[in-house]
Amino acid sequence: MSNNMSYDPNNIFAKILRGDIPCKKIFENDHVLAFHDIHPQAPIHALVIPKGAFVDYADFAANASDVQSAAFTKAIGEIAKLLGAHEQGYRLISNCGVNAHQEVPHYHVHILAGRALGPMLSGK
Ligand code: 5GP
């Protein structure tokens, strides 16, 4: 997928991309895959991932091509529409690194929607 040496090709989203593990697919094109989160935190909880091997937002921002970047941004908007999330609004979250508690080391954006989501952070 790429020559990024810090990327772990055995992370769970890489396995989903290879079809080794199933997912509940929402959307797919040449650059992007979206599927439902296995532990939803809201009535709508989708994960959007690039098909390229990027560890996190910082990696994607620094190393994705313009085509990959544009495709990813546009896909998120399309997926939010597909899910009906744009009508009442939605929240995008991308956890990047240790302080953000990123669990899966393949860049992803969460789309959360379907209820009032409360304050941005827990406050703790
Ligand atoms: P992070 O903390 O890395 O931003 O979020 C990782 C997300 O991936 C979590 O919300 C978690 O529920 C989700 N997740 C972890 N493993 C799987 C899986 O095997 N399938 C799906 N669909 N989601 C997963």
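Residues numbered from 1 in each chain as written. Predicted model: local features only at pLDDT ≥ 70, side-chain atom pairs only at ≥ 80, totals over all residues. Heavy atoms only, no water.

So, the pairing of strand S1 (residues 25–28)
On a regular strand, each side chain points to the face opposite its neighbour's, so the side chains alternate between the two faces of the sheet.
Alright, step 1. Across three bridges, S1 lies against strand S2 (residues 32–36) in antiparallel orientation. Looking at the pairing, Phe27 lines up with Ala34 of S2.
Alright, step 2. The hairpin formed by S1 and S2 contains three residues between the paired strands. (Pairing = 2+ DSSP bridges. Helix = DSSP H or I, 4+ residues; strand = E, 2+ residues; numbered from the N terminus.)

As for the site of the ligand
Alright, step 1. Lining the immediate surroundings of the ligand are 16 residues, of which Asp37, Asn95, Glu103, His108 and His110 lie closest.
Alright, step 2. In this structure, the ligand is accommodated by the largest pocket.
Alright, step 3. Where the shell around the ligand is concerned, the elements lending two or more residues are helix H1 (12–18) and S2.
Alright, step 4. Counting residues per element, the shell around the ligand draws most heavily on H1, at three residues. (Near = heavy atom within 4 Å. 1 Å grid on protein atoms, 1.4 Å probe; cavity = no way out; pocket = protein on both sides within 12 Å on 5 of 7 lines; lining within 4 Å. Sits in = over half its atoms within 2 Å of the grid points.)

Details of the pairing of S2
Alright, step 1. A large share of S2 lies buried, amounting to four of its five residues.
Alright, step 2. Judged from the five bridges that link them, S2 and strand S3 (residues 44–50) form a sheet pairing that is antiparallel. By the bridge assignment for S3, His36 is matched with Ala46. (Buried < 20%, exposed > 50% of the residue type's maximum accessible area, 1.4 Å probe, protein only.)

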